[in-house]
Amino acid sequence: MKILLISATIDSSTGWGAVTYNHCLSLYNSKQDFILLLPRHSQRLFCPFEKNIAYLLPTLPLSFASAKDMGKMVFVFQKITLDYFPDIIHSLTDFPYAVFGWRLAKKYQRPLILSAVGTYAVLPFTKNVDRFFMKKV
């Protein structure tokens, strides 16, 4: 089984980064086939599974409320292609990378798993445009 993971960070000094790092380490130790997609500008990490990390994602805005940010998301959706054909897509962070994962899942007709924890998971529902996307996810 091939798993595609999506996250905003792998910096273990942050909450989401620690979740991402430990999840990847667990998959690596169990010899599970996976690729982790991170934003291009993310901190590079030297770890046992560094060959499983692809720094390909754009930096996404924390909200799509402005027209400029919406345009960026449309552009990202049009440019999405994978060399790695996953069996499962798992977004380890919620908004906005969950929307990216949702789009990949639709494009490749694969199931999507979304990890959503705490107030960050409901924050997108406070803005109309963000709520529109998160409802789809």
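Description of the structure in this document. (Residues numbered from 1 in each chain as written. Predicted model: local features only at pLDDT ≥ 70, side-chain atom pairs only at ≥ 80, totals over all residues. Heavy atoms only, no water.)

## As for the packing of aromatic side chains
Step number 1: The final tally for this structure, using the stated rule, is five aromatic pairs.
Step number 2: Relative to F49, the ring of Y28 lies with its centre 6.5 Å away and its plane at 50°, an arrangement referred to as tilted. You can see Y28 sitting in helix α1 (residues 15-29) and its partner F49 sitting in the loop between β2 (33-39) and β3 (53-57), a full 21 residues away along the chain.
Step number 3: A relative accessible area of 35% means that Y28 is categorised as partly exposed.
Step number 4: Measuring from ring centre to ring centre gives 5.4 Å for F132 and F133, while their planes differ by 80°; the resulting arrangement is edge-to-face.
Step number 5: Of the residues examined, F132 reaches a relative accessible area of 47% and is grouped as partly exposed.
Step number 6: Ring pairs connect the aromatic residues Y21, Y28, F34 and F49, which therefore count as one cluster. (Phe/Tyr/Trp six-rings, centres within 6.5 Å; stacked < 30°, edge-to-face > 60°. Helix = DSSP H or I, 4+ residues; strand = E, 2+ residues; numbered from the N terminus. Buried < 20%, exposed > 50% of the residue type's maximum accessible area, 1.4 Å probe, protein only.)

## A few points about the side chain of H90
Step number 1: When you line up the elements, H90 lands in strand β4 (residues 88-91).
Step number 2: Among the residues examined, H90 registers a relative accessible area of 9% and is labelled buried.
Step number 3: Looking at H90, its side chain comes within polar contact range of the side chain of S115, at 2.8 Å.
Step number 4: Setting aside anything within four residues of it in sequence, one finds H90 in contact with L4, L5, I6, H23, I113, L114 and S115. (Polar contact = N/O pair within 3.5 Å; in protein donor to acceptor, adjacent residues only side chain to side chain. Contact = heavy atoms within 4.5 Å.)

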